[in-house]
Structure formats: structure tokens, C-alpha cells
Amino acid sequence: MDSISAAMKIAASGLEAQSLRIRMTAENIANANSTSAAPGGDPYQRKTVVFESKFDRSFGAELVNIKRIGVDPSEFTMVHNPSHPGANADGYVKMPNVNPLIEMTDMREASRSYDANLNIIEQARSMAANTLALLDRNG
């Protein structure tokens, strides 16, 4: 496999990984206030994405691979709200372990990584098109 195709494949694996990361971050933000309706029940638990690099023998390069989607083990915060249907016997409600500021930071970072990978693909396409144009002129 030529180096332009390899660069495009590597960047495409990065696009896929960052796309999933953006989706998980958006889901976390959307559920930042999702509590349990059952008294004392657990609320939404923040999701995380774990990546790994995986060697692809077909062109001898490392690709980004999604290892797993996990959950954040950090503790839930407790808020006193006795009128909430999910309140425990003491009137406390477990709130999700989602911090919107952290999620927005993660989303911005994932978005920048996504854009960088997209730029790599655009540059590789441009290089391939220029190479074909040169070959056509000289052929």
C-alpha cells in the first residue's frame, strides 16, 4: 500500500475514534441531570471511551482502535431534595457524575483532533490528485 493511502487510512481511523468520543461526550452532557425515578436509585453514569493503537500489517502502521466504552467509577454527588421521586429516605438524590465543564473540554479536544484528521485526508487527496495531474501531463 502506498504512503498516501496509508496516511488516509490512519487518518480515517482517527476520524472514527474521535467521532465516537464526540458522541459519548454529547450523551454525557445530555444526561448531566438525569436522575433515577426510583427512590435511592443510581442516576446516569458518565461514559468514557478507551482507545488503543493497533498495528495493521497490510501497510505497516499503527491505527487508532476503540478498545471499549466504559463508565466513570467516580462517586455520585448527593443533593438534598426530599420532593424528588428518586430521593432516598433522608431526602437526598444521587446526581450523575457528569461535570459539564469537563465534557465541553473533552468535546473541544475531540473536535480539534477530528478536524486535524480530516485535514490530513484532504491533504492526501490533494497530493494524489496533483500526482495524477503530473503523470497525465508527462504521459
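Everything discussed here concerns the structure shown above.
Within every chain, residues take consecutive numbers counted from 1 along the sequence as written. In keeping with the model being predicted, local features are shown solely for residues with a pLDDT of at least 70 and side-chain atom pairs are shown and tallied solely at 80 or more, while totals for entire chains, interfaces and linings include all residues. Note: side-chain values were computed over all heavy atoms of the structure, leaving out hydrogens and water.

Draft legend 1. Structural context of the pattern of salt bridges. Here a salt bridge means any side-chain nitrogen of Lys or Arg lying within 4 Å of a carboxyl oxygen belonging to Asp or Glu. Evaluation of the coordinates by the stated rule reveals six salt bridges. Arg-21 is the salt-bridge partner of Glu-109, the closest N and O atoms lying 3.1 Å from each other. You can see Glu-109 sitting in helix H2 (residues 100-138) and its partner Arg-21 sitting in helix H1 (residues 3-30), a full 88 residues away along the chain. The buried label goes to any residue with under 20% of its type's maximum accessible area, the exposed label to any with over 50%, and the partly exposed label to all in between, with areas taken from a 1.4 Å probe on protein chains only. Judged by relative accessible area, Arg-21 falls into the buried class, the value being 15%. A salt bridge links Arg-46 to Asp-106, with the nearest nitrogen and oxygen atoms 3.1 Å apart. You can see Arg-46 sitting in the loop between H1 and strand S1 (47-56) and its partner Asp-106 sitting in helix H2, a full 60 residues away along the chain. Taking relative accessible area as the criterion, Arg-46 reaches 13% and is therefore assigned buried. One network of salt bridges, with partners in common, ties together Arg-46, Asp-72, Glu-103 and Asp-106. Think of it this way: any DSSP run of H or I at least four residues long counts as a helix, any run of E at least two long counts as a strand, and we number them from the N terminus.

Draft legend 2. Inspection of the side chain of Ser-36 at higher detail. When you line up the elements, Ser-36 lands in the loop between H1 and S1. Between N or O atoms, a polar contact is any pair within 3.5 Å; within protein, one atom must be a potential hydrogen donor and the other a potential acceptor, and residues adjacent in sequence are included only when both atoms are from side chains. Within the structure, Ser-36 has its side chain in polar contact with the backbone nitrogen of Ala-38 (distance 3.1 Å).

Draft legend 3. Quick peek at the environment of Ala-89. Positionally, Ala-89 belongs in the loop between strand S3 (77-80) and strand S4 (92-95). Overall, Ala-89 belongs to the exposed group, its relative accessible area being 87%.

Draft legend 4. Fine view of the pairing of strand S2 (residues 61-71). Here, a strand pair is defined by DSSP locating no fewer than two bridges between the strands. Two strands pair when backbone bridges link them, and S1 and S2 are joined in this way by ten bridges, in the antiparallel orientation. From the neighbouring strand, Lys-54 faces S2, where its bridge partner is Leu-63. Counting the residues between successive antiparallel strands, the hairpin from S1 to S2 contains four residues, one of them, Gly-60, with a positive phi of roughly 70°.

Draft legend 5. Spatial organisation of the side chain of Asp-56. Tracing the chain through its elements places Asp-56 in strand S1. A residue counts as positive if it is Lys or Arg and as negative if it is Asp or Glu; His and the chain ends are not included. Despite its burial, Asp-56 pairs with no opposite charge; the closest candidate is Lys-9, at 4.3 Å N-O. Any two residues whose heavy atoms approach within 4.5 Å at even a single point are treated as in contact. Look past the residues within four positions of Asp-56 in its chain and what remains in contact with it is Lys-9, Ala-61 and Leu-63.

Draft legend 6. Examining H2 more closely. With 39 residues, H2 extends 57 Å from end C-alpha to end C-alpha; this agrees with the ideal 57 Å at 1.5 Å per step. Among the residues making up H2, those that are buried are Glu-103, Asp-106, Ala-110, Asn-117, Ile-121 and Ala-124. The N-cap of H2, judged by a side-chain oxygen 2.9 Å from the amide nitrogen of Leu-101 a few residues on, is Asn-99. Any helix carries an expected span of 1.5 Å times its number of residues minus one.

Draft legend 7. The arrangement of H1 in detail. Across its 28 residues, H1 extends 40 Å between first and last C-alpha, which sits within 8% of the 40 Å expected from 1.5 Å per residue. Of all the positions in H1, only Ala-6, Ala-11, Ser-13, Gly-14, Leu-15, Ala-17, Gln-18, Leu-20, Arg-21, Met-24, Thr-25 and Asn-28 are classed as buried. As for H1, its buried residues are in contact with S1, S2 and H2. For H1, the side-chain oxygen to backbone nitrogen distance between the N-cap and Ile-4 is 3.1 Å, and the N-cap itself is Asp-2.

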